[in-house]
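# Structure at a glance
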Amino acid sequence: MNDLLLMCTIAGRDAAIPALRVQTVLEIDAITPIPGTPDFICGLTPLRSQALTVVDCALALGFDQPCSSPERRAAVVEVDGHLYALMVDSAQDVSEARSDLVAIPGGLGEGWQRAGLGMVETETGPVVLVDIEKIIAGPPALAA
Amino acid sequence: MDELLADFIAETREMLEQSGTELVAWEADPSDKARIDTIFRFVHTVKGNCGFFDFPLLEKLSHAAEDALAECRAGRREADPALVTAVLAIIDRIGELADLIEAGEELVEDENDKALIAALEADAAIEVQSDVAPVEPVSDDQDDAAPTAAKRNTVQRSIRLPVDLLDEVMKGVSDMVLARNDLARRLREAGEQPTIDGPFERLSAILADVRTSITRMRMQRLEHLFSSLPRLVRDLSSELGKQVMVDFEGGEVELDREMIEMIRDPLTHIIRNAIDHGVETPAERLKNGKREIGLLRFAARQSGNQISLLVSDDGGGINTERLGQKAVAAGIYTQSEIDRMSDAQKHQLIFEPGLSTADEVSAVSGRGVGMDVVRANLERVGGSITVSSKPGEGTRFHLHLPLTLSIIATLTVSSGGQNYAIPRSYIEEIVFGSANTVEFAQAGARRLITFRGRRVPCLSLADVLGTEDNERCEWETKTLVLVRLASDDVFALAVDRVHDHEDVVVKPIAPAIMQTKLYAGTTLLDDGTPMMLIDLPSIAQMRGLVGEMRSKPALAEEQAQQKTKDAVPLMLFRGLDGRRRAVRLELVRRIDTVSCEAFDIDGKRAQAVIDGRILPLAGLEHGTLPEGRCRLLRLSDGDSELVYAVSEVLDAAEMTEELVVSAEDASIEGVTLVEGKPVPLIDGHTLFFRHSAPKRIEHPLKCRIPQDSDWARTILEPLVEAAGYRIADEDDEDADLAIEIAGNAAPHGPAKETIRLRPDPEDAGDGSIYRYDRESLLAELKRVRTGRAA
């Protein structure tokens with residue numbers, strides 16, 4: 001397996017997003033909040049002539065604390081024709097997966113277990129590969 | 001029909017191109033079944049289409065090829081090189097014929113065609129006898145093809161494109177517009193730079209043109225929709241034992257592709273209703289002295305950025321009596337309410353959910369799901385539908401549709417520090433919460449307002465969106481937007497401020513946001529920030545406002561208003577001195593709010609700049625302008641406009657009481673009572689007499705003045721122009737007036753009258769006027785002008 005991964009940090013942990021799905025990584029400038037939406041949806045941000053839905057990955061995984069970073073980096077992905085900006089603590093480089101996806105005995109822990117596809121080995125050690133669709137669906141209470 | 005033909009040709013060509021490679025491969029291996037299948041499909045499709053268009057030659061050729069190939073497919077015949085060559089020749093011929101059809105030429109069967117077919121049919125025999133014969137006609141044919149092929153290049157003027165690609169280009173252009181706007185803002189900030197501004201203007205103009213062209217690319221002629229209707233009408237009418245003829249008008253009108261798809265279902269429904277309920281049976285029609293064949297007419301035309309589509313039948317019209325009974329039976333209205341309704345109002349009943357005039361439920365219509373859904377669907381895309389009907393003569397449905405789906409006229413409002421867009425089609429009226437005609441009340445947890453005797457539920461947008469609690473809401477500071485939904489349900493939406501009208505391009509939003517059921521889409525403003533489009537029907541649904549407070553009281557209200565229709569509508573306001581005054585509502589064009597920079601006051605002269613125009617400013621006699629922003633009533637007498645400064649706009653009212661005329665004060669028509677209090681009514685006549693700017697004269701008279709005199713050009717010219725003249729130049733052959741100045745050369749060219757000016761005050765006794773004798777000069781100019789104009 002040599003899939004490309006976008007290495008990032010979500011809720012303080014190393015994680016990876018399938019890089020082929022990521023259109024670009026941007027630093028979010030201004031977010032227009034949308035009242036009435038669940039917390040993990042931060043709002044909309046414009047990218048060229050399109051509005052991206054900004055999703056806070058940490059909140060979407062079900063953690064209490066939102067993503068915190070000064071530069072507000074986000075990975076832009078498209079799901080069902082809609083564009084989303086997945087906001088993470090930090091986004092680093094793209095690197096290659098060194099192993100196949102493996103499930104970890106005993107699971108990945110709350111939050112991660114639901115939205116994680118499994119674990120992959122990389123240069124910098126094992127990371128959780130996240131499931132973009134699950135993140136966009138939001139935390140379990142809302143996804144249900 | 002031309003459009004269909006063009007489609008047919010384009011499709012045939014496309015298939016020819018695709019089958020080109022297949023053909024070569026088949027030639028290499030004639031026994032390849034997959035290739036045979038592909039080519040068989042091609043000739044089969046052509047054959048099918050030909051039957052539709054009535055091209056017997058084309059049909060004959062493709063039919064022959066199809067037969068031969070079918071034999072091969074069935075295994076009754078081996079495909080051999082001779083057959084391949086013969087089929088190839090036929091396919092080439094089909095391509096040629098398609099060119100001829102496009103060029104509008106007659107298709108004449110010639111010897112070659114017979115030979116082509118013979119080559120196929122004779123094939124089995126040729127196998128035994130000879131293997132040369134079939135090739136011959138093919139080579140002949142190709143010689144003939146050469147000139148036609150050359151013609152093809154000049155003929156082919158259209159290409160097919162995937163819609164996705166168009167959308168992508170459209171998006172790119174939208175991006176360019178945003179980038180342009182951004183650049184424009186920066187340029188404005190940087191100040192005037194003639195070297196950049198010029199090209200930038202040009203770029204903007206080009207961009208606007210490109211945008212229009214791209215929008216047109218997405219358009220489709222209504223013909224596409226119309227062409228499918230005759231079949232539908234035929235099927236329905238034969239099913240129902242009626243005879244109906246269809247007539248179309250305005251098929252060339254273009255509409256957004258998506259919009260055409262959106263109206264297809266509603267239109268189908270209207271047709272069903274018309275044939276089922278409207279058009280009578282042939283026997284009945286004859287009895288009523290009509291032609292036994294009913295007529296269904298469709299007429300479309302474009303007006304501005306709207307399309308109006310009229311669907312009319314010449315059937316029996318809407319049976320209002322039966323409709324009324326049904327409405328009572330369904331419990332929607334009481335009999336007394338029905339009795340009070342006008343015919344037009346009764347016709348509107350067909351849009352009520354759960355009503356149908358058909359006694360028996362037929363397979364076609366009459367299931368009571370119908371016109372209400374049609375109306376809701378049309379309104380969802382920003383359109384509207386009205387109905388009118390005459391008993392015994394027929395029914396007309398009038399549909400209004402926006403040109404495109406994606407652009408919606410909206411009102412921008414703000415709540416909780418953020419801007420939102422509301423579709424304008426729902427908005428009925430806007431009132432200030434502070435206006436004393438609005439009363440707030442509370443029933444249980446529901447807020448109500450009473451406005452013009454109507455009690456409507458009131459929602460706060462901030463509460464709906466969850467940004468502010470109703471408890472903390474200061475209702476009096478809000479602006480209320482009265483919303484009327486398709487179902488005729490009315491409610492008030494309280495927002496912090498109403499900003500502006502804006503046409504926005506709506507984009508879809510992510511499912512997670514859709515789930516809130518609060519928003520219908522999003523749009524990007526010129527500066528690139530997103531703004532949410534509020535989904536009013538959905539909010540009303542969630543808050544249980546639909547169908548709860550039915551529009552019955554409103555109906556009674558409407559009746560009452562019709563009775564007092566003679567009352568003069570007034571607009572109440574507070575003048576700058578704080579006193580209540582009124583002005584006839586018909587004079588008021590709109591209400592502007594401007595900052596004090598827009599005013600130019602110098603002594604007695606007062607003007608305001610609004611929308612790039614200078615308008616006379618009135619109302620200052622009552623007090624001084626407030627600091628900062630000021631409200632202005634823009635009044636118009638039909639020709640000229642002026643603005644009237646007020647401290648506050650109160651409300652619309654009706655003058656029902658007597659007007660007590662005051663002889664003392666010419667600035668008011670008189671004093672009347674509104675809600676028991678005296679209100680002076682401003683006299684529009686005096687107001688416009690005092691303040692209106694002289695109207696620009698449509699056809700100014702031409703006046704020649706000496707060209708070689710500086711005095712004439714700099715001092716005389718403005719005076720003459722102000723008196724309603726145009727200075728004639730040398731190209732003008734005749735002039736109405738010439739002004740000569742003693743000591744200067746006389747103006748060139750003829751003139752009907754002449755005024756002579758002299759430089760000295762002393763009367764020279766020659767009928768000339770001293771050049772600074774302003775009054776005499778103006779009087780003379782006026783005399784000539786009125787004399788001429790009369």
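Check the entry above for the structure.
In this report, we go over the structure that sits alongside the text. Note that the coordinates shown come from a computational prediction; the quantities given were computed from them, not determined experimentally.

Parameters and conventions
- Along each chain, residue indices are assigned from 1 in the same order as the chain's sequence is written.
- Ligands are numbered from 1 and chains lettered from A, in the order in which they are written.
- Local features in a predicted model are, by the rule used here, given only for residues with pLDDT of at least 70; side-chain atom pairs are given and counted only at 80 or more, and totals for whole chains, interfaces and linings are based on all residues.
- Heavy atoms throughout the structure, all of them, feed into the side-chain values; hydrogens and water do not.
- In this analysis, rings of Phe, Tyr and Trp, with Trp reduced to its six-membered ring, are considered paired at centre separations within 6.5 Å, and the interplanar angle assigns stacked below 30 degrees, edge-to-face beyond 60, and tilted for intermediate values.
- Put simply, DSSP marks the helices as runs of H or I at least four residues long and the strands as runs of E at least two long, and each gets a number from the N terminus on.
- The pairing criterion for strands is at least two bridges between them, as found by DSSP.
- Helix axes use the C-alpha atoms of the stretch in contact, all axes being lines fitted to C-alpha atoms, and the angles between their N-to-C directions lie in the range 0 to 180 degrees.
- Just so you know how the angles are binned, under 35 degrees is roughly parallel, over 145 roughly antiparallel, 65 to 115 roughly perpendicular, and the rest oblique.
- Note: crossing handedness is left-handed where the near helix turns anticlockwise from the far helix by less than a right angle, and right-handed where it turns clockwise.
- We call two residues contacting when some pair of their heavy atoms lies within 4.5 Å.
- Side-chain classes follow a simple rule in which Ala, Val, Leu, Ile, Met, Phe, Trp, Tyr, Cys and Pro form the nonpolar group, Asp, Glu, Lys and Arg form the charged group, and the remainder, Gly included, forms the polar group.
- The span you would expect from a helix comes to 1.5 Å times its residue count less one.
- Relative accessibility under 20% of the residue-type maximum defines a buried residue, over 50% an exposed one, and the middle range a partly exposed one, all with a 1.4 Å probe and only protein chains included.

## Here we look at the packing of aromatic side chains
Two aromatic rings are characterised by how far apart their centres lie and by the angle between their planes. All names here are of chain B. Per the stated rule, a full pass over the model turns up five aromatic pairs over all chains. Ring centres 5.5 Å apart and planes at 70° place the aromatic pair Phe573 and Tyr644 in the edge-to-face group. Of this pair, Phe573 sits in strand β19 (residues 568-574) while Tyr644 sits in strand β26 (residues 641-646), and the two are 71 residues apart along the sequence. With a centroid separation of 6.1 Å and 75° between ring planes, the pair formed by Tyr770 and Tyr772 is classed as edge-to-face. Put simply, the rings of Phe226, Phe248 and Phe298 touch in pairs and so form one group of aromatic residues.

## Points about the pairing of strand β12 (residues 446-451) of chain B
Residue and element names in this part refer to chain B. The pairing of strand β11 (residues 439-443) with β12 spans five bridges and is classified as antiparallel. By the bridge assignment, Gln442 is partnered in β12 with Arg447. Hairpin connection of β11 to β12: two residues between the antiparallel strands, including Gly444 at a positive phi of 65°. In textbook terms, the turn of a hairpin is the stretch between consecutive antiparallel strands, and for β12 and strand β13 (residues 454-460) this stretch comprises two residues, one of which, Arg452, has a positive phi near 50°.

## A word on the packing of helix α12 (residues 257-278) of chain B against helix α17 (residues 371-380) of chain B
Residue and element names in this part refer to chain B. The contact between α12 and α17 brings their axes to 9 Å, and the two run at 150°. In terms of orientation, α12 lies roughly antiparallel with respect to α17. Note that α12 runs across α17; the crossing there is left-handed. Residues Ile263, Pro266, His269, Ile270 and Asn273 of α12 form the contact with α17, whose own contacting residues are Met371, Val374, Asn377 and Leu378. For the contact of α12 with α17, the class distribution of residues is six nonpolar, three polar and no charged.

## Considerations on helix α8 (residues 163-190) of chain B
Residue and element names in this part refer to chain B. The end-to-end C-alpha distance of α8, which contains 28 residues, comes to 40 Å, matching closely the 40 Å that a straight helix rising 1.5 Å per residue would cover. Those residues of α8 not exposed but buried are Leu166, Val173, Ser174, Val177, Leu178, Asn181, Ala184 and Leu187. Buried residues in α8 make contact with α9 (194-217) and β17 (519-524). Backbone geometry just downstream of α8 places Gly191 in the positive-phi region, at approximately 90°.

Treat this as a map of the structure, not an account of what it does.
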